[in-house]
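Topology and contacts: notes
Residues per chain are reported as follows:
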Amino acid sequence: MRGRVIRISGLKCLVEIDESNWLCEIRGRLKSGHRKANSPVIVGDWVDIVPTADQAGVIEAVHPRTSKFSRGASGARPFEQILSVNMDQLVVVVSAREPSPRIGFIDRAILMAVKGNLQPIICINKIDLISIDEASLLMAPYVALGYPVFLTDALGGEGMHDFKSALLGRTSIIVGQSGVGKSSLLNFIEPGLGLKTREIMTRHDRGRHTTTAVHLFKLKQGGYIADTPGIKELRLWGIKAAELDAYYPEFEPMLSQCKFADCSHLHEPHCGVREAVEGQQIAQARYDGYRRIFEGLKEDE
Ligand SMILES: Nc1nc2c(ncn2[C@@H]2O[C@H](COP(=O)(O)OP(=O)(O)OP(=O)(O)O)[C@@H](O)[C@H]2O)c(=O)[nH]1
Ligand SMILES: [Mg+2]
Ligand SMILES: [Zn+2]
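These figures come from a predicted structure and were not determined experimentally.

Let's shift gears to the environment of Gly194. With respect to the helices, strands and loops of the structure, Gly194 is situated in the loop between helix 5 (182-189) and helix 6 (198-205). Using a count of 10 C-beta atoms within 10 Å as the deciding quantity, one classes Gly194 as exposed. Taking C-alpha positions, Gly194 is 9.1 Å from Ser184, a pair spaced 10 residues apart along the chain.

Along the chain, the position of Val47 falls in strand 4 (residues 46-53). Given 24 C-beta atoms within a 10 Å radius, Val47 is considered buried. Spatially, the C-alpha atoms of Val47 and Ile17 are 9.9 Å apart, while their sequence positions differ by 30 residues.

Close to ligand 1 lie 23 residues, the nearest being Gly181, Ser184, Thr197, Thr211 and Gly230. At the level of elements, helix 5 and helix 6 are the ones that each hand at least two residues to the shell around ligand 1. The element contributing the most residues to the shell around ligand 1 is helix 5, with 3 residues. When its residues are assigned to classes, the shell around ligand 1 shows 5 nonpolar, 12 polar and 6 charged.

Here we take up the sheet that holds strand 10 (residues 149-151). The 6 strands are arranged 10-9-8-11-13-12 in an open sheet whose pairing can be described as mixed. One side of each edge strand has no neighbouring strand; the edge strands of this open sheet are strand 10 and strand 12 (215-218). Pairwise comparison of adjacent strand axes, ignoring direction, gives a mean angle of 25° for this sheet. Across 3 bridges, the pairing between strand 11 (residues 171-176) and strand 13 (residues 224-227) is parallel. By the bridge assignment, Thr171 is partnered in strand 13 with Tyr224. Most of the contacts of helix 3 (residues 132-144) go to strand 10, to which it runs at about 165°, and overall it touches strand 9 (119-125) and strand 10.

Calculation criteria
- Residues numbered from 1 in each chain as written.
- Chains lettered and ligands numbered in written order.
- Predicted model: local features only at pLDDT ≥ 70, side-chain atom pairs only at ≥ 80, totals over all residues.
- Helix = DSSP H or I, 4+ residues; strand = E, 2+ residues; numbered from the N terminus.
- Buried ≥ 20, exposed ≤ 12 C-beta atoms within 10 Å, placed from the backbone.
- Near = placed C-beta within 6 Å.
- Nonpolar A, V, L, I, M, F, W, Y, C, P; charged D, E, K, R; others polar.
- Pairing = 2+ DSSP bridges.
- Axes fitted to C-alpha atoms, helices over the stretch in contact; angles between N-to-C directions.
- Contact = placed C-beta atoms within 7 Å.

See the structure below:
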């Protein structure tokens, strides 16, 4: 039987087959050679299972993956932490206030989406906390990136119709810092989910993440969406400093103007990218982000 992994807890996986959920173990041989931190099975995987009891079974095979969203997990020995696989698109959420938006987070999320073969879309939530003028100012740099941008109020409903349309019929993973409203957005889109949001938890769990594991949900009107725990620092994985410029489409036409083929665009003379920043053909904020990310990657290498 073929199904989709929607949740992983400990050594067990919850696999959705048609409309029901099966609790499955992972066949031992799938684990061999995978003694790193990632499970051999990830949320979003399509798997073959052999039933062992009513709604219980063993995962015998994992189908090839079409995409993945990962990040570098911090710690003494960094490793690639894959959050989900086989997604069509990444929804990166920031909030207008509480917490205030960080463009660096969006840039990193887009990089990992492109790296993992997902289409990025951006959601600026909690627009009820700012004025319309502020909202359009906030949105401008993201619109300039050429990616779809949605302005939402997950509690009041403003902008939610358009945002929902972008999710229907597709498989998405939603990421962002803790408290930006990821679970609230999903609750609005699919009221039956009843996901925990901070208000409910606050008495017992102040300052902690409300969502604690990746969960994939099926949308009634078609599509899937994976809710994820808040990410504080989105550490890149699998991208080298020297290849970073390739992830900035607006740099591309300028690269032939760089004197050095391996130009880092940070300090070399006759750099087409830096000239374009000075000439305002490349946004200063994007270039500053590039520089910060480049320097961070160099430190890690
Ligand atoms: N004013 C306002 N508050 C919102 C909005 N969306 C969410 N909130 C509030 O923001 C807080 C955090 O929302 P959550 O949905 O739990 O945030 P989250 O991103 O899922 O957080 P983690 O699960 O910890 O990563 C809650 O108190 C929500 O009620 C919004 O559009 N406007
Ligand atoms: Mg949440
Ligand atoms: Zn250059």
